[in-house]
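Descriptive structure summary
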Amino acid sequence: MGQLSLRQLRLSHFRSHRFSNMETDCRPVVLHGPNGAGKTNVLEAISLLSPGRGLRRAGPEEMARRQEAVGWKVSASLAGLNGLQEIETGSQDNATRSVQIDGKPASQLALARVARVLWLVPVMDRLWLEGAGDRRQFLDRIVMSFIPEHGEASLSYEKAMRERNRLLKDQVNDRAWFDALEGQMAMSGAAIALNRTKTLARLDRAQDGAQTAFPVAELAITYPEDMPADWSEDALRTALGNSRARDLAAGRTLVGPHRADLNAIYAAKNVAARLCSTGEQKALLVSLILANARALIEDFTAPPILLLDEVAAHLDGDRRSALYDEVCAVRAQAWMTGTGPELFEPLGDRAQWFTVRDGADGSEVVRGESNA
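So, a few notes on the structure that sits alongside this text.

About the criteria used
Residues numbered from 1 in each chain as written. Predicted model: local features only at pLDDT ≥ 70, side-chain atom pairs only at ≥ 80, totals over all residues. Heavy atoms only, no water. Pairing = 2+ DSSP bridges. Helix = DSSP H or I, 4+ residues; strand = E, 2+ residues; numbered from the N terminus. Axes fitted to C-alpha atoms, helices over the stretch in contact; angles between N-to-C directions. Contact = heavy atoms within 4.5 Å. Buried < 20%, exposed > 50% of the residue type's maximum accessible area, 1.4 Å probe, protein only. Parallel < 35°, antiparallel > 145°, perpendicular 65-115°, else oblique.

Strand order in the open sheet made by the six strands is β2-β1-β4-β5-β6-β7, with antiparallel pairing throughout. Sheet topology places β2 (17-23) and β7 (104-106) at the edges, where each strand pairs with a single neighbour. Ignoring which end each strand starts from, the neighbouring axes of this sheet average 20° apart. Along the sheet, helix α1 (residues 39-47) contacts β1 (5-14), β2 and β4 (72-80); its crossing angle with β1, the most-contacted strand, is approximately 110°.

The pairing of strand β9 (residues 217-222) with strand β10 (residues 261-266) spans six bridges and is antiparallel. Counted as the bridge partner of T222 is D261 from β10. When β10 meets strand β11 (residues 271-272), the two strands line up antiparallel, connected through two bridges. In the strand pairing of β11, Y266 is matched with V271. In sequence, β10 turns back onto β11 through a hairpin of four residues, with N270 there showing a positive phi of about 55°.

This next bit is on the environment of V121. The residue V121 is located in the loop between β8 (117-120) and α3 (132-146) in this model. Classification of V121 by relative accessible area gives buried; the value is 5%. As a C-alpha pair, V121 and A153 span 32 residues in sequence and 26 Å in three-dimensional space. When neighbours within four sequence positions are excluded, V121 is seen to be in contact with L55 and D309.

The contact between helix α8 (residues 278-300) and helix α9 (residues 317-329) brings their axes to 11 Å, and the two run at 10°. When the interaxial angle is binned, α8 and α9 end up roughly parallel. Mapping the contact onto sequence places A283, V286, L290 and R294 in α8 and R319, L323, E326 and V327 in α9.

Structure representation (structure tokens):
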């Protein structure tokens, strides 16, 4: 089995970090320190080595260290199936985020073919209780880990839908214009729906018979009752055309994969995730992240990089130990944060330990040792 891991991470004027440099190996990484010291900022920086706006979904201007306001940069040496690669991303003067791979300009979508990064952050603890948009985003990040082209299909669909929504809002009833936009939405939307369906089937297989201490989640993609049953390109184009009058009245597009929701059931209890306890909901999320990692190992021979922010919250001691054992078993470089080292004692020397603290000039990251 191959490995995917960061060997060096450098933050320059990023959030609370004026400059931080971490050298690591392929083992899991423990970052502990008081609240507000800058632990999550390290994880956010790593999340930017994948497409999108990162785990906080912040704009480039929000990531710059305010004291200097000179822009920011995240650089990493990534050991993967293609050998050691250098990745750099950043923004100057609050401009659009730029990306370089091995010194050459690249698109954000190109990052999906270099680094597969999954994350679990505290705001996601309420995933099963919040709106469908958050669950779609969660699902689509998993989809992209298997099918990088899913990001391109999503961007194409969203761009066409924004144009269509503008026509609807302005009450512009131009048939030729609608036909063109709906053709683009139908082509991209059919790919999105198919990618999601394939990914759920892949997660089901990864959970089936897995040796894990975490609960199996039965997953399903659902839509409002007025959605078409067939998500082929032709069927979606027809559905969009038939919905124009209704959409003009609403001022927005009411048909398409952007209306999807992700439902989960705690299989052993046959209880919907939204009705489970807080601890059970967290365990289901952990289970899906681990299933995603196992499937990626089987499909691509290397586990993803995992970002597990405050992962010990809502997990009892036995489940924490089980999580650490499973992370080590799949040989994933998991970056985990917590307020105290005692939360990670079961890891011992299987992990790399760092203390994150407030310094005289911003956050400081100091290498430490296991207390086990």
